[in-house]
Amino acid sequence: MTTTATQVEHTQTQTDARPLLLEVQDLKVEFTIRGGVVKAVDGLTFDIKRGQTMGIIGESGCGKSVTARAILRMIPKPGKITGGRILYYRRPRHPKPGEEDKVEVIDVTKLDPDGEVIRQIRGGEIAMIFQEPMSSLTPVYTAGTHINEAVTLHRLLPIKKLGDQMVERIMEYRRVTKEEARAIAIEMLRRVGIPKPEQRVDSYPHQLSGGQRQRVMIAIALSTEPAMLIADEPTTALDVSIEAQILDLMRDLQRTTNMAIMFITHNLGVIASMADEIVVMYMGKQVERAKVVDLFYNPKHPYTKALLQSVPRLGPKTGQRLASIEGMVPDPLNLPTGCVFHPRCPAFVAGKCDKIVPKWTQVGENHWVRCLLYEE
Amino acid sequence: MSSTTTKNGRIGDILLEVKGLKKYFPIQRGLLRRTVGYVKAVDDVSLYVRSGETLGLVGESGCGKTTASRCIIRLYEPTAGQVFFKTRALSPDGTPKMVNLLELSREEMNRVRQEIAMIFQDPINSLNPRMTVADIIAEPMVIHGKYVKGESEERIIELLRRVGLRPDHLRRYPHEFSGGQRQRIGIARALALNPSLVLCDEPVSALDVSIQAQTLNLLQDLQEEFKLSYIFVAHDLSVVQHISDRVAVMYVGKVVEMAGAEELYNNPMHPYTEALLSAVPKPDPLYKSDRIIMQGDVADPSNPPSGCYFHPRCQYAVDLCKQKAPEFREVKPDHWVACHRAEELKLRGI
């Protein structure tokens, strides 16, 4: 990581100054099943900069997780990327002298999903934590073994050599030894706040509590020092007190390593405290994208508005009913015509919303929405 | 505490009173299945519900919320305690009387179960995949011998309509419905026998935000219409605040605080309640969080700490808390708390 801590502070206010890490352009993912074609992701466009947290919210089945898996080329069969590009701005992880700032642009969608390049990126440069910590850890391996695997696969240590002018320079790299991997595993467990890491490193998943298992997952993901972390509902299975600990930990680690985070959740409270920018998805389409404050204080799309109003909030009791979104999520094989949200939309205009597919329209600085209300 | 006005202006008498409820699960080891210890899943729970009100039961996973609610209808046989319930089912003329459910015979208990219904967390696993919606809703009536051909079918259609499903859904199977619709089927089944008390075990936590709001609204409407009382078990504090008249907070098998919803959220008197409230993420990006991060994990119910179970994680703990377990007492009218320092601490609400 070449960006220093002071730069991070500075770029918090000016998001655009940060270098690009990932650009998703018009991504389309389809699942061909017996009943037809499900467009799980349909025309998704966003970018993530180094050190930024991008939130993706939406209800189940809206394509959040499929997007995450598309970036790592892990879409389960019969899913396929059918359009668009995912550009990854790769910096050398183990730069040779003079190559520290070299940026290589890789289109992830063109890679062989089993190839060498994606396998270096997956887990090493872009790591992922999954929702269910119990089923994502192998029950027959200890926490330490899990971390060792990631470290030995993806981390190289520099060998310092005396260069021309009697200055030590990094010329070569070597793999991590077993003892070093264990030391790294213990250090990672300590950093994610697991008590007695020297003992816990030899614990099996069933000997850990839910919160500890999720910490182990985070430790695995972060042990390779990734440039980006994809967190797919990382706290959904956890209690609020443990959730608060984990979110604090992620923010802390982001501050120290300048890692980008793609945070997928359906919990509006969690996303409000984590993300810089948010993408709202509905039935595979992105319906709104904005900075977090704009999205919560000035939502444009009727779906975003309804979503924000339908969560009960802590605070003075109003005794009122919750605003709910009428109807239910449509059948993905039989999507409504026009705007996919029109059958449930309170601002529905007959003859327009059910006929015309809305375009992706800019309504403010960094604020985009897909709704006919905002088209000229 | 016999009667008071709830938020909807209803006057309610005590419908259910639980005193000193305990449920210990034995831990058995070895060839002879020797009992080597107990998991104290529910350890001295006392609470009450007035008719027509909602009591929220919150706490982290494993704190015994679900076990406590199942002990109330004796799905688990409690180890100790008393559960008083006002029932009409046991008197021939239908006059209500208070009985201790734990002293009833099997046959008597089955009769009382008509008046206590349950809604489960997982709408997929709580419906039999091989039964149609009509059969699922009719099943409680059949079991209790109340199914009358024709008449009951009309009632099932009426119930379906009431929970927002259509009569043509009757012949369908659970897998044909979405999560929110399945939960509605579960609710219709719970209402089939006109219960007075409904135990809702995390009824909305498996649902999406927009569906969650619909379901909460439905539960409130049904309460209004059928004069139901709810015990609403959940871990989401915002949902519990929204729906509850009173809230009980559980920690490692014990109720640590119980008060009116507004009172509890504004003036918590137990440090655990305070920490729990501050940990809830607020849907507001400008909210400056100064939350109390509780250290460590929830205590192990098979090997709880000495004294107050919360003392290892409590920032206000003193020596007394390590030695003596606090008593669950009424500190203010209708505000119960189990903390040695309840009076002296000034705790932060929301």
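Look a little higher up for the structure.
Residues numbered from 1 in each chain as written. Chains lettered and ligands numbered in written order. Predicted model: local features only at pLDDT ≥ 70, side-chain atom pairs only at ≥ 80, totals over all residues. Heavy atoms only, no water.

(A) A look at the overall build of chain B. When helices and strands are tallied, chain B shows 10 helices and 14 strands. In terms of C-alpha radius of gyration, chain B reaches 21 Å, essentially the compact-globule figure of 20 Å for 350 residues. Once the C-alpha set of chain B is aligned to its principal axes, its extents read approximately 65 × 55 × 45 Å. Residue pairs at least 24 apart in sequence account for 64% of intrachain contacts in chain B once pairs closer than 6 positions are excluded. Carbon and sulfur atoms make up 49% of the accessible area of chain B, which amounts to about 15,200 Å² in all. With 45 positive and 43 negative side-chain charges, chain B shows a separation of 4 Å between the mean positions of the two kinds. (Helix = DSSP H or I, 4+ residues; strand = E, 2+ residues; numbered from the N terminus. Rg over C-alpha atoms; globule rule 2.2 N^0.38 Å. Contact = heavy atoms within 4.5 Å. Areas by Shrake-Rupley, 256 points an atom, 1.4 Å probe, with all protein chains shown as cover. Lys, Arg positive; Asp, Glu negative; His and termini not counted. Charge placed at Lys NZ, Arg CZ, Asp CG, Glu CD.)

(B) Molecular detail of the packing of aromatic side chains. All names here are of chain B. Within this structure, the stated rule accounts for 10 aromatic pairs over all chains. With centroids separated by 6.2 Å and ring planes inclined at 45 degrees, the aromatic side chains of Tyr24 and Tyr38 adopt a geometry described as tilted. Separated by 14 residues along the polypeptide, Tyr24 in strand 3 (residues 14-29) and Tyr38 in strand 4 (residues 34-50) bring together distant segments of the chain. Judged by relative accessible area, Tyr38 falls into the partly exposed class, the value being 43%. (Phe/Tyr/Trp six-rings, centres within 6.5 Å; stacked < 30°, edge-to-face > 60°. Buried < 20%, exposed > 50% of the residue type's maximum accessible area, 1.4 Å probe, protein only.)

(C) Focus on the side chain of Glu277 of chain A. Residues and elements named next belong to chain A. Of note, Glu277 is situated in strand 11 (residues 277-282). Its relative accessible area of 4% is what places Glu277 among the buried residues. If sequence neighbours within four positions are ignored, Glu277 has contacts with Gln52, Thr53, Met54, Gly55, Arg289, Ala290, Lys291, Val292 and Asn366.

(D) Focus on the sheet that holds strand 1 (residues 20-33) of chain A. Residues and elements named next belong to chain A. Strand order in this open sheet of 4 strands is 2-1-4-5, and the pairing throughout is antiparallel. Since the sheet does not close on itself, it has two edges, and those belong to strand 2 (36-49) and strand 5 (104-107), each with one partner. Strand-to-strand twist in this sheet, taken as the mean axis angle between neighbours without regard to direction, amounts to 10 degrees. In the sheet, strand 4 (residues 79-90) pairs with strand 5 via 4 bridges, with the strands oriented antiparallel. (Pairing = 2+ DSSP bridges. Axes fitted to C-alpha atoms, helices over the stretch in contact; angles between N-to-C directions.)

(E) Molecular detail of helix 4 (residues 151-162) of chain B. All names here are of chain B. With 12 residues, helix 4 extends 17 Å between its outermost C-alpha atoms, agreeing within 8% with the 16 Å of an ideal straight helix rising 1.5 Å per residue. Of the positions making up helix 4, those classed as buried are Ser152, Ile156, Leu159 and Leu160. Buried residues of helix 4 fall within an arc of 100 degrees about the axis and therefore sit on the same side. Opposite its buried face, helix 4 presents the exposed residues Glu151 and Glu154, each directed more than 90 degrees away. Elements in contact with the buried residues of helix 4: helix 3 (133-143) and helix 5 (179-191). Within two residues after helix 4, Gly164 carries a phi angle of roughly 90 degrees, on the positive side. (Expected span 1.5 Å × (residues − 1). Arc of directions from axis to C-beta.)

(F) Spatial organisation of unusual backbone geometry. Pro78 of chain A follows Lys77 of chain A through a cis peptide bond whose omega is 0 degrees. Considering the arrangement of structural elements, one finds Pro78 of chain A in the loop between helix 2 (64-71) and strand 4. For Glu233 of chain A, which is not glycine, the phi dihedral falls at a positive 45 degrees. With respect to the helices, strands and loops of the structure, Glu233 of chain A is situated in the loop between strand 9 (228-232) and helix 9 (240-257). Located in the positive-phi region is Asp334 of chain B, a residue other than glycine, with phi close to 65 degrees. Within the secondary structure, Asp334 of chain B is located in the loop between strand 13 (329-332) and strand 14 (335-337).

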